[in-house]
Number of protein chains: 2
Amino acid sequence: MQTVKNKIIIHEVGLRDGLQNEKQIVSLEKKQHWLEMLFAARLPMIQVGSFVHPDKVPQMADTDRLFAELNASGKKPKNVILSALVLNEKGLERGLACGVDMFCMGVSASNTHSLKNTGMSTAEAVSRIIPMAKKALAEGKKVQVSVQSAFGCGFEGRVPEQTVLDIVKQYLDAGLLSISLADTAGYAYPTQVMELFGRIQELDKNVECACHFHDTFGAGIVNCYAALQSGVTVFETAFGNLGGCPFTKIGSGNVCTEDLVYLFQREGFSGLPDLEILLQLSKDVALELNRELSGRLLKAGIPAIVKE
Amino acid sequence: MQTVKNKIIIHEVGLRDGLQNEKQIVSLEKKQHWLEMLFAARLPMIQVGSFVHPDKVPQMADTDRLFAELNASGKKPKNVILSALVLNEKGLERGLACGVDMFCMGVSASNTHSLKNTGMSTAEAVSRIIPMAKKALAEGKKVQVSVQSAFGCGFEGRVPEQTVLDIVKQYLDAGLLSISLADTAGYAYPTQVMELFGRIQELDKNVECACHFHDTFGAGIVNCYAALQSGVTVFETAFGNLGGCPFTKIGSGNVCTEDLVYLFQREGFSGLPDLEILLQLSKDVALELNRELSGRLLKAGIPAIVKE
């Protein structure tokens, strides 16, 4: 059942999932400039950063200030949801203190990946995340819970579908209806995507599904398309194809925001972010990071045909 | 109606559509080495080169010799179809003389592109190509006829679906049943792909459809997937993501062979080419051309999960 044509939400995670993997620390002012561009480009949902220990991920050390200053300045557009990733209760507290709209948190379906990434087993992580999620909801915040390595793991290989569904069921039983599946290793393929999201929607018809694919093996866009066919409404992507997870075996890149927006535009979806501003942003990011980014539109430009 | 699981044919066009766009002229010996790797990798269909004027496309000047020596040496595996691109009667004669198995020829659905590429209007090109195709068939050869710019044109923009179907109908009326649609400009999107190939198969249920997508705007793989859903059986791709058309407005890259083979393997298709040898070939090509190629598996390697 394909998503209706005006219901797609692009969740821009470049500032977090992109920048957390860059050696270079981007300044607060530069991030603020990029946020303003994302507002201008009409991104409906933007992940500003994560609340983690500044020693572990110094690239994210300014997340508290970014939120605080956005809320104080009044520069945040009313219809934009600003999200942040949290790993533990301390991160949640920091986020509540500086005005996050939506908390993103999750666990890995791969026990090995979970231990490497967080020091906790999957089961421990679930038992910790659910109370955090409930607390955030109780504070009137939006919450999205995720399952990472949902389609396979660089360490464990195949991840059984039932493992993912067991975690999702625990989320749903706790009243958590915004659920994201992340293809941390980049192993997903379309049939698997449709099968898994289909099963999730059988568990609860009120679930709001999100997907987070990596383009490591070239399947990022086709997996998004398969997710679209399966009723997924939220797509986590990164400008310029930035990003990946530093704790997986193989580095990878998120699906490129502007490349996916282009595809959805060609497919006839409306209410999408502004491609020209997005491209300008990615060019600016490439300059700032002083390296070539691998997005396709970044190299080719926006074809005139999108205006027809 | 999805293609049955053992019926996919990868038509490797890197030696032609890839190399014709490279400034560097690759030696005969090097091409012969790459051909042997393609044989070892079990590619069922390989486009060895094109028969064009050596002054116009010097990269293709050795095509006659390649075919002649392959046929003389007995090195060509029995179950491999060697194809070549021809633009005119002279090219066809050259190909018949040196033992081509399958002739590929076509026209552009965009009159502007046709004039720039060949000096002929679309209508002129069709009236010239069809007799050539019939002659090749009469000589006992396989023939594939194509429609380029089938999904849009860098010069004209939108190409009406009916324009493409009118050309296809002329092909079918002439008894030409192997038909390829080429997305020269890279503008195709999945719904359009499924619509167009669906309409073609309504015209004649015996048609064998091929697709040739470019990854210019990141939609190459998802378009292949859409084509697969539409009963397309032949996929024209290039190792290492090489190629494009020198006469379009925007340079582009073919869909990467190894990235598509990876996807089809994950989707459960059998009888596919050997990924490891393909990757070795692309690495060798990157070394020879002395530049980084943009295939995903080339950067990431083959994930262990493909062996599960």
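Presented here is a report on the structure given in the accompanying data block. All values derive from a computational prediction rather than experimental measurement.

## Side note on the relation of the copies chain A and chain B
Note that the two copies of the chain are related through a rotation about an axis and a translation along the same axis.
And step 1. When chain A is fitted onto chain B, the two copies agree to an RMSD of 0.0 Å after a turn of 180 degrees and an axial shift of 0.0 Å. Accordingly, the operation relating the two chain copies is best matched by a two-fold axis. Within chain A, Val 222 of chain A has its C-alpha nearest the rotation axis, a separation of 2.2 Å.
And step 2. The share of interface residues of chain A whose copies in chain B are also at the interface is 100%, consistent with both copies meeting through the same surface.

## A look at the interface of chain A and chain B
And step 1. Across the contact, 35 residues belong to chain A and 35 residues belong to chain B.
And step 2. Across the chain A to chain B interface the summed buried area is about 2800 Å²; carbon plus sulfur atoms make up 60%.
And step 3. Connecting chain A to chain B are 2 salt bridges.
And step 4. Between Arg 296 of chain B and Asp 215 of chain A there is a salt bridge whose closest N-O contact spans 2.6 Å.
And step 5. Taken together, the connections running from chain A to chain B amount to 8 residue pairs in polar contact (both at pLDDT 80 or more).
And step 6. Elements represented by at least two residues in the side of chain A that touches chain B include exactly α8 (190-203), α9 (220-229), α10 (257-266) and α12 (296-300) of chain A.
And step 7. Split by residue class, the side of chain A that touches chain B holds 17 nonpolar, 10 polar and 8 charged.

## Describing the pattern of salt bridges
And step 1. Enumeration over the complete set of coordinates arrives at 32 salt bridges over all chains.
And step 2. Here Lys 76 of chain A ties to Asp 101 of chain A by a salt bridge, and the two come within 2.7 Å at their closest N and O atoms. With Lys 76 of chain A in the loop between α3 (63-73) and β3 (81-86) and Asp 101 of chain A in the loop between α4 (89-98) and β4 (102-108), the pair connects residues that are 25 residues apart, well separated along the chain.
And step 3. Residues Glu 93 of chain B and Lys 135 of chain B are paired through a salt bridge, measuring 2.6 Å at the closest nitrogen-oxygen approach.

## Side note on the sheet that holds strand β1 (residues 9-12) of chain B
Residue and element names in this part refer to chain B.
And step 1. Taken in spatial order, the 8 strands of this closed barrel run β1-β2-β3-β4-β5-β6-β7-β8, and their pairing is parallel. In this sheet, neighbouring strand axes are inclined to one another by 25 degrees on average, regardless of whether the strands run parallel or antiparallel.
And step 2. Direction of pairing for strand β4 (residues 102-108) relative to strand β5 (residues 142-148): parallel, over a ladder of 7 bridges. From the neighbouring strand, Gly 106 faces β5, where its bridge partner is Ser 146.
And step 3. Its contacts with the sheet put helix α3 (residues 63-73) on β2 (45-51) and β3 (81-86), and the angle it makes with β2 is roughly 135 degrees.

## Things to note about the sheet that holds strand β6 (residues 178-182) of chain A
All names here are of chain A.
And step 1. Ordered in space as β1-β2-β3-β4-β5-β6-β7-β8, the 8 strands form a closed barrel in which the pairing is parallel. Taking each pair of neighbouring strands and ignoring which way they run, the sheet shows an average axis angle of 25 degrees.
And step 2. As paired strands, strand β1 (residues 9-12) and strand β2 (residues 45-51) are joined by 2 bridges and run parallel to one another. Counted as the bridge partner of His 11 is Met 45 from β2.
And step 3. Against the sheet, α3 touches β2 and β3, its axis set at about 135 degrees to β2.

## Side note on helix α11 (residues 275-289) of chain A
All names here are of chain A.
And step 1. Its 15 residues place the ends of α11 21 Å apart at the C-alpha level, agreeing with the 21 Å of an ideal helix rising 1.5 Å per residue.
And step 2. Elements that come into contact with the buried residues of α11 comprise α2 (28-40), α10 and α12.
And step 3. Near the N-terminus of α11, the side chain that reaches the backbone nitrogen of Glu 276, with its oxygen 2.9 Å away, is that of Asp 274.
And step 4. Positive backbone phi, at 55 degrees, marks Asn 290, one or two positions downstream of α11.

## As for the pairing of β1 of chain B
And step 1. Inspection of the sheet shows β1 of chain B paired to strand β8 (residues 234-237) of chain B by 4 bridges, in the parallel sense. Considered in β8 of chain B, the bridge of Ile 9 of chain B is made with Val 234 of chain B.

## Regarding unusual backbone geometry
And step 1. Its identity as a non-glycine residue notwithstanding, Ser 149 of chain A has a phi of 50 degrees, on the positive side.
And step 2. The residue Ser 149 of chain A is located in the loop between β5 (142-148) and α7 (161-173) in this model.
And step 3. Positive phi, normally seen in glycine, also occurs at Asn 241 of chain B, with a value near 75 degrees.
And step 4. One can find Asn 241 of chain B in the loop between β8 and α10 (257-266).

## Here we look at the packing of aromatic side chains
And step 1. Following the criterion strictly, the structure yields 16 aromatic pairs over all chains and no others.
And step 2. Geometrically, the ring pair formed by Phe 264 of chain B and Phe 269 of chain B is tilted, given 5.6 Å between the ring centres and 45 degrees between the ring planes.
And step 3. Judged by its relative accessible area of 0%, Phe 264 of chain B falls in the buried class.
And step 4. Connected via pairs of aromatic rings, a cluster forms that spans Phe 151, Phe 197 and Phe 213 of chain A.
And step 5. A cation sits over an aromatic face here: Lys 116 of chain A above Phe 155 of chain A, 5.0 Å from the ring centre.

## Things to note about the packing of α9 of chain A against α10 of chain A
All names here are of chain A.
And step 1. α10 packs onto α9 with a crossing angle of 45 degrees between their chain directions and a minimal axis gap of 11 Å. Between α9 and α10, the crossing angle belongs to the class labelled oblique. As for the relative orientation of α9 and α10, their crossing is right-handed in sense. Facing α9, whose interface residues are Ile 221, Cys 224 and Leu 228, α10 presents Asp 259, Leu 260, Leu 263 and Phe 264.
And step 2. Residues belonging to the contact of α9 with α10 are distributed by class as follows: 6 nonpolar, no polar and 1 charged.

## A short note on the environment of Gly 240 of chain A
Residue and element names in this part refer to chain A.
And step 1. On the secondary structure map, Gly 240 appears in the loop between β8 (234-237) and α10.
And step 2. Measuring from C-alpha to C-alpha, the distance between Gly 240 and Leu 228 comes to 21 Å, with 12 residues separating the pair along the chain.
And step 3. Sequence-distant contacts of Gly 240, that is, excluding residues within four places in its chain, are made with Cys 256, Glu 258, Ser 282, Leu 293, Ser 294 and Gly 295.

Conventions we followed
Residues numbered from 1 in each chain as written. Chains lettered and ligands numbered in written order. Predicted model: local features only at pLDDT ≥ 70, side-chain atom pairs only at ≥ 80, totals over all residues. Heavy atoms only, no water. Least-squares fit on C-alpha atoms with pLDDT ≥ 70 in both. Contact = heavy atoms within 4.5 Å. Buried area = accessible area lost by both parts, 1.4 Å probe. Salt bridge = Lys/Arg side-chain N within 4 Å of Asp/Glu carboxyl O. Polar contact = N/O pair within 3.5 Å; in protein donor to acceptor, adjacent residues only side chain to side chain. Helix = DSSP H or I, 4+ residues; strand = E, 2+ residues; numbered from the N terminus. Nonpolar A, V, L, I, M, F, W, Y, C, P; charged D, E, K, R; others polar. Pairing = 2+ DSSP bridges. Axes fitted to C-alpha atoms, helices over the stretch in contact; angles between N-to-C directions. Expected span 1.5 Å × (residues − 1). Phe/Tyr/Trp six-rings, centres within 6.5 Å; stacked < 30°, edge-to-face > 60°. Buried < 20%, exposed > 50% of the residue type's maximum accessible area, 1.4 Å probe, protein only. Lys NZ or Arg CZ within 6 Å of the ring centre and 35° of its normal. Parallel < 35°, antiparallel > 145°, perpendicular 65-115°, else oblique. Left-handed = near helix turned anticlockwise from the far one by under 90°.

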